[in-house]
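# Observations on chain architecture
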Amino acid sequence: MSPLRESLERASAPALRTIASLPRAVPFLAVLALMVAGALIPGWGWVLLAVVTLFLTWLLVLGWPRLTSTERLMRIAVVAIALAITVTQAVPR
């Protein structure tokens, strides 16, 4: 394991323990609420979407070595959709 990955996992451990201690529905509902609020709030709502996109990317990076190629592809698709929604909100026509 590279030193960068090791330090990322070590730094992320407390936050992951906190998330793991919550009921399963709480992280899902928090992400869902932030996505809906970010999509509906004009102007600065994209900031909420960016937070969700960064969170999902962080989880993807942490889980990458343990994922199968299909799981990687599906999670990349979710991050790409979140990023597309974020950019669409941040840069309106």
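Our subject is the structure listed above.
Only a predicted model underlies this, so the values are computations on that prediction, with no experimental measurement involved. (Residues numbered from 1 in each chain as written. Predicted model: local features only at pLDDT ≥ 70, side-chain atom pairs only at ≥ 80, totals over all residues. Heavy atoms only, no water.)

### Some words on the overall build of the protein chain
What the protein chain contains, in helices and strands, is four helices and zero strands. Considered along the principal axes of its C-alpha atoms, the protein chain spans approximately 45 × 30 × 25 Å. Expressed as a percentage of the 93 residues in the protein chain, the buried residues total 18%. Across the protein chain, every contact between residues at least 6 apart in sequence was considered, and the portion connecting residues at least 24 apart equals 59%. As displayed, the protein chain has an accessible area near 6700 Å², and 75% of this comes from carbon and sulfur atoms. (Helix = DSSP H or I, 4+ residues; strand = E, 2+ residues; numbered from the N terminus. Buried < 20%, exposed > 50% of the residue type's maximum accessible area, 1.4 Å probe, protein only. Contact = heavy atoms within 4.5 Å. Areas by Shrake-Rupley, 256 points an atom, 1.4 Å probe, with all protein chains shown as cover.)

### So, helix α1 (residues 3-21)
Between its first and last C-alpha, α1 extends 27 Å over 19 residues, near the 27 Å set by a 1.5 Å rise per residue. Roughly 45 degrees is the biggest bend found in α1, and it falls at alanine 13, with proline proline 14 one to four residues downstream. (Expected span 1.5 Å × (residues − 1). Bend = angle between axes of the 7 residues up to and from the residue.)

### Considerations on the packing of aromatic side chains
The description of two aromatic rings rests on the distance between their centres and on the angle between their planes. The tally for this structure, following the rule as stated, stands at one aromatic pair. Judged by centre distance (5.8 Å) and plane angle (45 degrees), the rings of phenylalanine 55 and tryptophan 58 are tilted. One end of the pair is phenylalanine 55 and the other is tryptophan 58, both in helix α3 (residues 45-63) and three residues apart, which spans about a single turn. A residue is classified by how much of its surface remains accessible, and phenylalanine 55, at 25% relative accessible area, is partly exposed. (Phe/Tyr/Trp six-rings, centres within 6.5 Å; stacked < 30°, edge-to-face > 60°.)

### Some points on the packing of helix α2 (residues 25-40) against α3
Contact pair α2 / α3: the axes reach a minimum separation of 7 Å and the direction vectors enclose 145 degrees. Of the two elements, α2 crosses α3, and the hand of that crossing is left-handed. Along the contact surface, α2 presents Val31, Leu34, Met35, Ala37, Gly38 and Ala39, while α3 presents Gly45, Trp46, Leu48, Leu49, Val52 and Phe55. Of the residues in the contact of α2 with α3, the class split is ten nonpolar, two polar and no charged. (Axes fitted to C-alpha atoms, helices over the stretch in contact; angles between N-to-C directions. Left-handed = near helix turned anticlockwise from the far one by under 90°. Nonpolar A, V, L, I, M, F, W, Y, C, P; charged D, E, K, R; others polar.)

### Focus on helix α4 (residues 69-90)
Helical geometry: 3.6 residues make up each α-helical turn, so side chains three or four residues apart lie on a common side. Here α4 contains 22 residues, and its C-alpha end-to-end distance of 31 Å stays within 8% of the 32 Å for a straight helix at 1.5 Å per residue. Three or more residues of α4 are buried, namely Val79, Ala82 and Thr86. The arc that holds the buried residues of α4, viewed along the axis, is 60 degrees, so those residues lie on one side. Seen from the open side of α4, the exposed residues pointing more than 90 degrees away from its buried face are Ser69, Leu73, Met74, Ile81 and Thr88. At its buried positions, α4 is contacted by α2 and α3. (Arc of directions from axis to C-beta.)

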